[in-house]
Amino acid sequence: MKRLILVSVVLLLLLSALAGCARKKEQATPLPAGALPADAMAIAQERGLTPDDIAAALKTYMPSGKWDEYYLFSSGGHSGNLIVIGVPSMRILKNIAVFTPEAWQGYGYGDKATEEILDAGNVGDVKIRMGDSHHPALSETNGDYDGQWVFINDKANARVAVIDLRDFRTKQIVKDPNIISNHGSTFVTPNTEYVIQGTQYATPLGWDYAPLSEYKEKYRGVITLWKFDREKGRIVPEESFSIEVPPYWQDLCDAGKLASDGWAFCNSFNTELFTGGNMQGNPQFESGVSQRDMDYLHIFNWRKAAEVVAAGKYEVINGMRVIRLPTAAAEGILFFAPEPKSPHGVDVTPDGQYVVVSGKLDPHVTVYSMAKIEKAIADRNWTLDDYGVPVLNYDAVMHVQVELGLGPLHTQFDGQGYAYTSLFLDSAIARWKLGGDDPAAWTLVEKTPVHYNVGHIAAAEGDTVNPDGKYLVALNKWAVDRFLPVGPLLPQNLQLLDISGSPVKLIYDMPMGIGEPHYAQMIKADKLKPLNVYPQVGWDAIEWKPSPYATKKGEERIERNGNHVTIYSTSIRSHITPDRVELKKGDHVTWHITNVETAHDAVHGFQLGGQNISLSIEPGATVTFEFVASQDGTYAYYCTEFCSALHLEMMGYMLVEP
Ligand code: K7E
Ligand code: CUA
């Protein structure tokens, strides 16, 4: 029977994907005469636009020079970056380099500070220069986005990055020393005390070797609470800690807020402890991990966990303080609640009273009540799992199930008491009513088709204590027939929906041809105060203070000390000083360049052919790179931003004498 269900689920998945191709274009309703001024009417008629098309165009068109109302921060998936998009125009504004080198921003191509950031994310002696970014989390104050920082995880290597919204640059990457993949990250606590991160695929801690036959005893996950220091703008690993959890494959997490402040929640989807073996006669992973009817929602008290760590009840494992599993269970830090199998998203309502779990294999969302969870804990209404963790009685904590459709994944909220859930298999967004105490008041309101196979959704400030409503972006996994064909690898499709009224309206399609976005967050634009130029000329943008290598105009120089050569340069429209650098083969070169400009947008780039060097030197910044002149010859370096009419002349020769 279970096999049958699984086979039909797989079939459904395939069919839903194919359904995308078969779907018909909607019939165009003609415009009534006189609906538009004659010249606009002529354009609309010539292009075959419907009244809905015209309304959508009017809502999303951004006249030249006008600014968008919201920023959307979208993960770039396996491009390892973070993409900034203006809403409602859906124009890409920046593709922030995070886990992957990026030449335009001079990230990871010589710039010493950025190389150090990337190197901090290395795994042992392997230089990691890729990432699978999934979930951005904007910093919060009192549960509301404050526009200061954004964090994002790399699922492939279990890392978290810190991005500074003063200059939209990555400032730090931290690697969890105990796990090799994460997914339930990043999610911040309501005052950004901690950045939450959960394991995805369990391994022995420190991903040490242990045979899969020892899975139950040796494999584990962790929930890591990375301590964030706002003053420093850095995660502080020494003040962070992990909570050891069973090897249940933790999935998404969310932090509690208001009524659930101090708590956090993570799903899991392999309470079967299945370990594969499809060449050894075992079922495939997707069926092996779906045998039980229920998995476990992890409910943990991070505030209590911080107290337990402060009381010294932890072990240091690979340099990280870890609350061991028996301690977590005994101290009332970790509880489980059964949840319909193979869940994906877990999302806390704006008032913090309810936790919404979406199961990929269940047409319902399952809603838990924080009040009921706290009562069940107080009543000790639980049984213990194999690891001694209390499993709360499902009936005591489950508040209501709402049937929405096939493949519910992720939920967001507006300020009108509605929730929105993506339906992957249905290719639709369900709008449904949060009902409060009365379970009968929780009802599906409407469903809006999207194209196709939607994963995450992002409503304006839709996971805060104070959602804006207005816009919702569906991050669709399949594009199929929506855009001009570009070969077998298609863009994903970000679709903008107007959720301000009823019915919900689809108003824009935006192809994302960079990497697969997973989650995104949308913040009111006026909450951000990015600077135009660095605070003073000679600025170290990573340390956020004047650089000791800042060079003033007229003080440029080349210093030689044995075979160590140090160059102090400036760049200004339209020259680099010095424009002649003479080296000897084998010299070790340290080269500092200060952009002495203070004009908005007066950026100079710098590329040095044959040395893999690409820098971005933004107004006021001092950038340093180092290399060994290992090959003699004649090289050219030049500015890579078309900064002035005489930009092509902004160059220099580097001679390396044999
Ligand atoms: Cu793609 Cu949040 Cu990683 Cu769902 S996850 S879709
Ligand atoms: Cu500076 Cu072109």
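For the structure itself, look to the data block above.
Right, let's walk through the structure included here. Treat the numbers as computed from the prediction; the structure is a model and nothing was measured. (Residues numbered from 1 in each chain as written. Chains lettered and ligands numbered in written order. Predicted model: local features only at pLDDT ≥ 70, side-chain atom pairs only at ≥ 80, totals over all residues. Heavy atoms only, no water.)

## Brief notes about the nonpolar core
Soluble globular proteins: nonpolar side chains tend toward being buried together. With 58 residues, the main nonpolar core has I243, F265 and F300 as its most contacted residues. The contacts of F300, once residues within four sequence positions are left out, are I196, I223, L225, I243, G262, W263, A264, F265, C266, I333 and L334. (Core = buried A, V, L, I, M, F, W, Y, C linked by side-chain atoms within 4.5 Å. Buried < 20%, exposed > 50% of the residue type's maximum accessible area, 1.4 Å probe, protein only. Contact = heavy atoms within 4.5 Å.)

## Overview of the site of ligand 1
Near ligand 1, the surroundings consist of H134, H135, H183, L252, H344, H410, G455, H456, K477 and H518. Its residues assigned to classes, the shell around ligand 1 shows 1 nonpolar, 8 polar and 1 charged. (Near = heavy atom within 4 Å. Nonpolar A, V, L, I, M, F, W, Y, C, P; charged D, E, K, R; others polar.)

## Let's talk about the environment of K127
If you trace the backbone, K127 turns up in the loop between α4 (112-119) and β4 (137-141). For K127, a relative accessible area of 52% gives the class exposed. In the structure, K127 is positioned 130 residues away from K257 in sequence and 38 Å away in space, judged by C-alpha atoms. At a separation of 3.3 Å, a polar atom in the side chain of K127 contacts the side chain of D119. (Helix = DSSP H or I, 4+ residues; strand = E, 2+ residues; numbered from the N terminus. Polar contact = N/O pair within 3.5 Å; in protein donor to acceptor, adjacent residues only side chain to side chain.)

## Re the pairing of strand β7 (residues 169-175)
When you tally the buried positions in β7, you get 7 out of 7 residues, the bulk of the element. Bridge analysis of strand β6 (residues 159-164) against β7 gives 6 bridges, and the strand direction is antiparallel. By the bridge assignment, A161 is partnered in β7 with I173. Where β6 folds back onto β7 in an antiparallel hairpin, the turn is made up of 4 residues, including F168, whose phi is positive at roughly 55 degrees. (Pairing = 2+ DSSP bridges.)

## Thoughts on the sheet that holds strand β26 (residues 408-413)
One open sheet accounts for 4 strands, arranged β26-β27-β28-β29; its pairing is antiparallel. Looking along the sheet, the strands with just one partner apiece sit at the ends: β26 and β29 (444-449). Each strand of the sheet is rotated relative to its neighbour by a mean of 25 degrees, with strand direction disregarded. Where strand β28 (residues 428-433) lies against β29, 5 bridges are found, and the strand directions are antiparallel. Directly across from A430, in β29, lies its bridge partner K447. (Axes fitted to C-alpha atoms, helices over the stretch in contact; angles between N-to-C directions.)

## Structural notes on the packing of aromatic side chains
Across all of its chains, the model carries 30 aromatic pairs by this definition. Measuring from ring centre to ring centre gives 6.3 Å for W263 and F335, while their planes differ by 45 degrees; the resulting arrangement is tilted. Of this pair, W263 sits in strand β15 (residues 263-268) while F335 is found in strand β19 (residues 334-340), placing the two residues 72 residues apart along the sequence. For W263, a relative accessible area of 9% gives the class buried. Take F335: its relative accessible area is 3%, and that puts it in the buried class. (Phe/Tyr/Trp six-rings, centres within 6.5 Å; stacked < 30°, edge-to-face > 60°.)

## With respect to the state of the cysteines
Going through the model one piece at a time under the given rule, you end up with 1 disulfide. With a sulfur-sulfur separation of 2.1 Å, C253 is cross-linked through a disulfide to C266. In this structure, the disulfide formed by C253 and C266 twists by about 105 degrees around the S-S bond and is classed as right-handed. Of the two residues, C253 sits in strand β14 (residues 250-255) while C266 sits in strand β15, which places them 13 residues apart along the sequence. For the pair formed by C253 and C266, the shared burial category is buried. (Disulfide = S-S within 2.5 Å.)

## A word on α4
If you check which residues of α4 are buried, you get T114, E115, I117 and L118. Axial view of α4: buried residues confined to an arc of 160 degrees, hence all on one face. Next to the buried residues of α4 lie β6 and β7. In this structure D111 caps α4, since a side-chain oxygen of it lies 3.1 Å from the backbone nitrogen of A113. (Arc of directions from axis to C-beta.)

## Focus: empty space enclosed by the protein
Sizing a probe to match a water molecule and rolling it over the atoms shows the empty space that remains. Under the counting rule described, the total for this entry stands at 2 cavities of 30 Å³ or more. Estimated volume of the largest cavity: approximately 100 Å³. Of the voids in this model, the second largest cavity is the one considered here, and its volume is about 80 Å³. In this structure, the second largest cavity is lined by 14 residues; those nearest its centre are F187, D347, H410, H456 and Y519. Secondary structure elements with two or more residues in the lining of the second largest cavity: β14, β20 (343-348), β26 and β30 (454-460). Grouping the constituent residues of the lining of the second largest cavity by class yields 6 nonpolar, 5 polar and 3 charged. (1 Å grid on protein atoms, 1.4 Å probe; cavity = no way out; pocket = protein on both sides within 12 Å on 5 of 7 lines; lining within 4 Å. Points joined across faces, edges and corners; volume = space filled by probe spheres on them.)

## Brief notes about helix α7 (residues 302-310)
Within an α-helix, residues lying three or four positions from one another point in the same direction, as the helix has 3.6 residues per turn. The set of residues buried in α7 consists of W302, A305, V308 and V309. Across the axial projection of α7, the buried residues extend over an arc of 110 degrees, all falling on one side. Opposite the packed face of α7, turned more than 90 degrees from it, sit the exposed residues E307 and A310. Phi turns positive one or two residues past the end of α7, at G312, with a value near 85 degrees.

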